[in-house]
Amino acid sequence: MNALPECRLESLNSCRHVIDAYNAAKDRLAFSSAGRFWNSIRHIHQLGKTGAGRKVAIIDSACDLTHPRLKRVIDRVAKFVPPPGGQNLEHGTAVALLISEICPESRLDIYEVVMEEGRVDIHAVRDALAAVAESDAHVVNLSLGIERLQKGEFHPATQSEEFEKAALNPKTWQASKYPDDPSCELCPAAAAVAVKGKLVFAAAGNAADFVYCPARSLSVVGVGFQEVSVRQVKTSDGIGMDSGIARMPSRQSAWLDLIVDEIDGVLGTSFASPLRSGAAALLELTPNSQAECMTCTRLSLMPMLDHLSTHGHGESLPREFFEAIADKYNKALKVLPHVHCAVGAVLRPDLPPTDPSGCFLCGHMFGDLYLNAGLFCLEQLNFQVAESLLIAARRLMPYSAEAAANLGAAFRLQGKFDGALSLYDEALRLRPAFQNYSRARDVILDEMSKRQPPAWDSPQCVLGVRPDPNFSGFLSAGASTKGNSQKQLSQAKREWKLRWQGDCFLACNSTTIENKSDSIKGSTQISETLCVSFDGKALTASSRPQTMDGLFEVADFMAAVAGSLTWRMVRVKGGEEFRRLFQMCQLRRSLDNKL
């Protein structure tokens, strides 16, 4: 009779680090948890999601049932090995603590499959999987496995023609090249659990040329770690932007489905798997929603990897290469489950737009896609699309310094220094004393210091306003008649007339006023023409009114237009006197509308 292959626990050396990190006073793991994964988990907790009503089955060694955290959350212990197997506690305790840290209100079932000497009993794992299939657990975690694939069989770096196929669907690629071992008992047993509607997560393995069974199974989500790193990409003005593309450690299996940020000092995919298991329970993923997430994750991998390869090449790459990256980003964005920005609305007109601020699923699973697609558009100087994506990234990931800084870069490169400054301030709050952000902030302050308040007699902005979306329709209607620059579009209050002139929306008022200035002796009549134009970004006054009545009328007219088009004031330039008048007129008109 052939001996059974060895089934082993992973990462035994890191168990103690996890267990010792537990802080009983705070009831949490106190190790350093850098990276967007952990920031996202904390954000989801703040949104009120903590895993209530979810259950995770852990097939592992026994757990320490006296642990102050675990004794509150463990519902069931099932022993599939003879006594004294329960004396092997560290691995199962560490795995359970990680799941409970991610999903604190979930319940845990423990299935003991480790013998006294630390050996995993394959038959016990198979029997435990059969029991889990009939249980009320939603998610199953296996931080163990049997090594498959011989060293040297495949090297993505030297077989680039196969890499894209493997990256887009590693399990299908593996199955086509290396069929399942018919003697494997774990893969079919895990697949039977998945058929029951449960999500099965397993450690991918800690050797680059191997993969564990059952993580190898098409029905199982194989999990590995990624390095926590942020790459800097130079902008056209020499200041960097952040790339959210991370690397997988070379010491682990390349054949995996999902990755998660490494924990400082905790090595091994045994501890990556429970993080993803806990996150799936926290997000209340189902097999269908998990499959959708996997599709988008795989589609987003290719443009991000190609995008990463462009850094450092400058303009030496052909334009077609960048167009191909843009097409791949579009394909990934098109399969996202929700629409959170104008770009998504164009790609998915079948879905209604939703507020990204409360979408913990997209923030957790696809924040990097928004971040890197926005970065790519920013590098291509496609500011409108970049802003749309990065605003969504910022709202999906308010904890991300990269999202704040990249949106700040988009504003900075367009000269929108006020908005850029506040975003870099926020990025520095999230990542204190980061040199690149401080440098960008200094550049912005220097540029802002060069800007002088506009003179009254200059055609510069007196009042800066930003219209709401309804104004786009108003301009569209006016654009249809723009060919006749003198055609009056509407009649405003008093004698003000609105019309198109060139590329600007123009309001004019010609009045005759009495001048009693000391510089001109006697009383004379002076004809005055005041013009206020709007070029799509700001209202502009052509000159300073020569009387207080004229100044008041300009302020009142602007307030009337602002009220009728529901514009929102951003800033007022040109003097405190005008600012006070404008705000007074706005307040008066607001009160009139309510009465």
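Everything numeric here is computed off the predicted structure, so don't read it as measured data. (Residues numbered from 1 in each chain as written. Predicted model: local features only at pLDDT ≥ 70, side-chain atom pairs only at ≥ 80, totals over all residues. Heavy atoms only, no water.)

**Student:** I'm lost on the overall build of the protein chain in this one. Help?
**Tutor:** Scanning the protein chain for helices and strands turns up 20 helices and 21 strands. Within the protein chain, buried positions represent 51% of all 595 residues. Within the protein chain, residue pairs in contact and separated by at least 24 positions form 72% of the contacts whose partners lie at least 6 positions apart. Total accessible area computed for the protein chain in this model is approximately 27400 Å², and 52% of it derives from carbon and sulfur atoms. (Helix = DSSP H or I, 4+ residues; strand = E, 2+ residues; numbered from the N terminus. Buried < 20%, exposed > 50% of the residue type's maximum accessible area, 1.4 Å probe, protein only. Contact = heavy atoms within 4.5 Å. Areas by Shrake-Rupley, 256 points an atom, 1.4 Å probe, with all protein chains shown as cover.)

**Student:** What am I meant to see in the nonpolar core here?
**Tutor:** For soluble globular proteins, the rule of thumb is that nonpolar side chains tend to be buried together. In this structure, Leu 108 and Leu 275 are the most contacted members of the largest nonpolar core, which totals 101 residues. Looking at this core element by element, the count peaks at 12 residues for helix 13 (residues 360-379). What Leu 108 contacts, discounting residues up to four positions off in sequence, is Val 56, Ile 58, Leu 70, Val 73, Ile 74, Asp 75, Arg 76, Ala 96 and Ile 99. Judged by nonpolar contacts, the second largest core, of 35 residues, contains Val 114, Val 140, Cys 184 and Ala 189. (Core = buried A, V, L, I, M, F, W, Y, C linked by side-chain atoms within 4.5 Å.)

**Student:** Is there a simple way to explain the sheet that holds strand 10 (residues 211-213) in this structure?
**Tutor:** The strands that make up a sheet pair up through hydrogen bonds in the backbone, lying either parallel or antiparallel. Read from one edge to the other, the open sheet built from three strands follows the order 1-8-10, with strand pairing classed as antiparallel. Here the strands that pair on one side only, and so sit at the sheet edges, are strand 1 (8-9) and strand 10. Strand direction decides the pairing type here: strand 8 (residues 144-148) and strand 10, joined by three bridges, are antiparallel. Residue pairing in the sheet places Arg 148 in a bridge with Val 211 of strand 10. (Pairing = 2+ DSSP bridges.)

**Student:** Where do I start with unusual backbone geometry in this structure?
**Tutor:** What you tend to see is this: most non-glycine residues have negative phi, and most peptide bonds are trans. Cis geometry marks the peptide bond from Cys 213 to Pro 214; its omega dihedral reads 15 degrees. As for its position among the elements, Pro 214 is in the loop between strand 10 and strand 11 (221-226). The phi dihedral of Glu 284 falls on the positive side, at around 55 degrees, and the residue is not glycine. Mapped onto the elements, Glu 284 comes out in the loop between helix 9 (273-282) and helix 10 (287-310). By relative accessible area, which is 37% here, Glu 284 ends up partly exposed. With a phi angle near 60 degrees, Leu 381 is a residue other than glycine that sits in the positive phi range. Along the chain, the position of Leu 381 falls in the loop between helix 13 and helix 14 (383-396).

**Student:** Mind showing me how you'd approach the pattern of salt bridges here?
**Tutor:** Side chains that differ in sign of charge can pair as their charged atoms come close. On inspection of all chains with the given rule, the structure shows 28 salt bridges. Residue Asp 27 is joined to Arg 69 by a salt bridge in which the shortest nitrogen-to-oxygen separation is 3.1 Å. In this pair, Asp 27 sits in the loop between strand 2 (22-23) and strand 3 (28-29) while Arg 69 sits in the loop between strand 4 (55-60) and helix 3 (70-73), placing the two residues 42 residues apart along the sequence. By relative accessible area, Asp 27 is classed as partly exposed at 24%. (Salt bridge = Lys/Arg side-chain N within 4 Å of Asp/Glu carboxyl O.)

**Student:** When you look at the environment of Arg 69 in this model, what are you seeing that I'm missing?
**Tutor:** Of the residues examined, Arg 69 reaches a relative accessible area of 5% and is grouped as buried. For the pair Arg 69 and Tyr 22, spaced 47 residues apart in the sequence, the C-alpha separation amounts to 9.0 Å.

**Student:** I'm lost on the packing of aromatic side chains in this one. Help?
**Tutor:** Given two aromatic rings, their pairing is described by the distance between the two centres and the angle made by the two planes. Applying the stated criterion across every chain, the model contains six aromatic pairs. Between the aromatic rings of Phe 37 and Trp 38, the centroid separation amounts to 5.7 Å while the plane-to-plane angle is 90 degrees, which identifies the pairing as edge-to-face. The burial state of Phe 37 is the same as that of Trp 38; both residues are buried. Considering the side-chain rings of Tyr 329 and Phe 376, the 5.6 Å spacing of their centres and the 45 degrees angle between planes classify their relative orientation as tilted. You can see Tyr 329 sitting in helix 11 (residues 319-334) and its partner Phe 376 sitting in helix 13, a full 47 residues away along the chain. Owing to a relative accessible area of 5%, Phe 376 belongs among the buried residues under this scheme. Put simply, the rings of Tyr 424, Phe 434 and Tyr 437 pair up and form one aromatic cluster. The positively charged end of Arg 431 is found above the aromatic ring belonging to Phe 434, 4.7 Å away from the centroid. (Phe/Tyr/Trp six-rings, centres within 6.5 Å; stacked < 30°, edge-to-face > 60°. Lys NZ or Arg CZ within 6 Å of the ring centre and 35° of its normal.)

**Student:** Would you explain the confidence of the model for the protein chain in this entry?
**Tutor:** Where the model shows low pLDDT, its predicted coordinates should not be examined in detail. Residues at a pLDDT of 70 or more form 64% of the protein chain, whose mean pLDDT is 76. The least confident element of the protein chain, judged by mean pLDDT, is strand 16 (residues 488-491) at 31; the most confident is strand 7 (residues 139-142) at 98. Contacts from residues 453-496, a stretch scored under 50 in pLDDT, to residues over four places away or in other chains number 109 contacts. Confidence over residues 563-575 falls short of pLDDT 50; this stretch has 39 contacts with residues more than four positions distant or in other chains. (pLDDT = per-residue confidence, 0-100.)

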